[in-house]
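Working through the structure, step by step
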Amino acid sequence: MKKTIALVCIAALVITLAVSRRAELNAVKTFASRKPCLTLVIDAGHGGEDGGATEGEVRESALNLDIAKKTELMSVFLGLPAVMTRESEIISYPPEADSVKKRKMADMRERVRLVKSLPQPVFISIHQNKFKLASAYGFEAYYGAETGSAELAEIIQGSVNSLLERDNRRTIARISSDIYIMKNVSCPAVLLECGFISNPTELAQLTDDGYQRKLAMIFACSVLQCLGSLEEHYGKD
Ligand SMILES: [Zn+2]
């Protein structure tokens, strides 16, 4: 199974470089060895009025969206049903949300509603980190409370550490209970801090199209690799 996934990923990467995004979405649907009974919900963190962390001209929300779109593409390519919580940097807020705080809360509630409306969701929230010391670096995977979350985080963190950041010694951690969206989606969930935009070397990587594709490939392939644990959450063998 692991060999099959690796071969599929290589094929996917070659083709993603060669053809347009829309064509890929339309043309290639089922690379997985069996149809997964899950919906991967890909959440590009922040957006709209909330740009997240910033570094110079770089907005975390835009970086998150770039990586999320590539993850969607790779997921569909591998036969994994995928839905995005947002498709652009613009978010429409309800008219009654008359403050930044209320608009942000309305957006979070809407994202949770979307997740809960989908069949057998698995939630991946994509973020970037920032710290006052420019030397801080490294991908970090956090996991939620539901079955399968820790396993998925472990596979993603392990793959990033061994394939992309060989000197990254970070290990997975349970997400803080005050992160609204992670607390309320009630499904297998991970929050991925892809790296520190405050570290110039890591920022250069994170804004690189090829590096983003590698992250996306790891995220989608890790979900497939973790299918057993994730489906267990929904009572499947
Ligand atoms: Zn963030």
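So, here is what we can say about the structure in this document. By convention here, each chain's residues receive numbers from 1 onward along its written sequence. Restriction of local features to residues with pLDDT of at least 70 applies here, the model being predicted, together with a cutoff of 80 or more for giving and counting side-chain atom pairs; totals for whole chains, interfaces and linings are based on all residues.

**Comments concerning the overall build of the protein chain**
Secondary structure elements are taken from DSSP: a helix is a run of H or I of four residues or more, a strand is a run of E of two residues or more, and numbering for both begins at the N terminus. Helices and strands together make up the secondary structure of the protein chain, namely 9 helices and 8 strands. Within the protein chain, buried positions represent 42% of all 237 residues. Here, residues touch in the contact sense if the C-beta positions derived from the backbone fall within 7 Å of one another. Here the contacts in the protein chain between residues at least 6 apart in sequence split such that 79% fall between residues at least 24 apart. Neighbour counting defines burial: a residue surrounded by 20 or more other C-beta atoms within 10 Å of its own C-beta is buried, one with 12 or fewer is exposed, and intermediate counts give partly exposed, using backbone-placed C-beta atoms.

**Let's talk about unusual backbone geometry**
The phi torsion at His 46 lies on the positive side, around 65°, for a residue other than glycine. Structurally, His 46 is set in the loop between β1 (39-44) and β2 (54-55). Even without being glycine, Gln 120 reaches a positive phi, approximately 45°. Looking at where Gln 120 falls in the secondary structure, it is placed in the loop between α4 (100-117) and β5 (121-129). Judged by the 18 C-beta atoms lying within 10 Å of it, Gln 120 falls in the partly exposed class.

**Some words on helix α5 (residues 149-163)**
Along an α-helix, residues three or four positions apart point the same way, because every turn accommodates 3.6 residues. Take the residue count of a helix, subtract one, and multiply by 1.5 Å to get its expected span. Here α5 is 15 residues long and its end C-alpha atoms lie 21 Å apart, about the 21 Å a rise of 1.5 Å per residue gives. All of the buried residues in α5 are Ser 149, Ala 150, Glu 151, Leu 152, Ala 153, Ile 155, Ile 156, Gln 157, Ser 159 and Val 160. As for α5, its buried residues are in contact with β6 (140-143), β8 (189-196), α8 (209-225) and α9 (227-233).

**Points about the pairing of β6**
Across the two faces of β6 the burial is the same, with Glu 140 and Tyr 142 and Ala 141 and Tyr 143 all buried. Any two strands between which DSSP finds at least two bridges are classified as paired. Where β6 and β8 come together, 4 bridges link them in antiparallel fashion. Following the sheet pairing, Tyr 142 is matched in β8 by Leu 191. Here β6 pairs with strand β7 (residues 173-174) via 2 bridges, running parallel. Among the inter-strand pairings, Tyr 143 is bridged to a residue of β7, identified as Arg 174. The handedness rule is simple: strands pointing away from the viewer, and a clockwise path from the first strand over the helix to the second, make the crossover right-handed. In this region the chain leaves β6, passes through α5 and returns to the parallel neighbour β7; the handedness of that crossover is right-handed.

**Structural notes on the sheet that holds β8**
In spatial order, the strands read β4-β1-β5-β8-β6-β7; together these 6 strands make up an open sheet with mixed pairing. With one partner strand each, in any of the chains shown, β4 (82-84) and β7 form the two edges of the open sheet. Across 3 bridges, β1 lies against β4 in parallel orientation. Residue pairing across strands places Val 41 opposite Val 83, the latter belonging to β4. Every axis corresponds to a line fitted to the C-alpha atoms, with the helix fit spanning only the stretch in contact, and the corresponding angles, defined between N-to-C directions, vary from 0 to 180 degrees. Packed onto the sheet, α5 meets β6 and β8 and runs at close to 175° relative to β6.

**A look at the nonpolar core**
If you look at soluble globular proteins, the nonpolar side chains tend to sit buried side by side. Residues enter a nonpolar core if they are buried, belong to Ala, Val, Leu, Ile, Met, Phe, Trp, Tyr or Cys, and are joined to the set through C-beta atoms within 7 Å. Counting 60 residues, the largest nonpolar core has Leu 40, Ala 153, Ile 156, Val 190, Ala 220 and Val 223 as its most contacted members. Sequence-distant contacts of Val 190, that is, excluding residues within four places in its chain, are made with Ile 124, Ala 141, Tyr 142, Tyr 143, Gly 144, Ser 149, Leu 152, Ala 153 and Ile 156.

**Thoughts on the environment of Leu 230**
By the secondary structure assignment, Leu 230 is in helix α9. Taking the number of C-beta atoms within 10 Å as the measure of exposure, Leu 230 has 27 and is therefore buried. Note: C-alpha distance between Leu 230 and Glu 146 (84 residues apart in sequence) is 9.4 Å. If we skip the residues at most four places from it in the chain, Leu 230 touches Leu 38, Val 122, Gly 148, Leu 152 and Pro 188.

**Quick word on the pairing of β8**
The two faces of a sheet get side chains in turn, since along a regular strand they alternate between them. In terms of residue burial, β8 counts as a mostly covered element, since 7 of its 8 residues are buried. Looking at chain direction, β5 and β8 are connected through 6 bridges and run parallel. Residue pairing across strands places Phe 123 opposite Ala 189, the latter belonging to β8.

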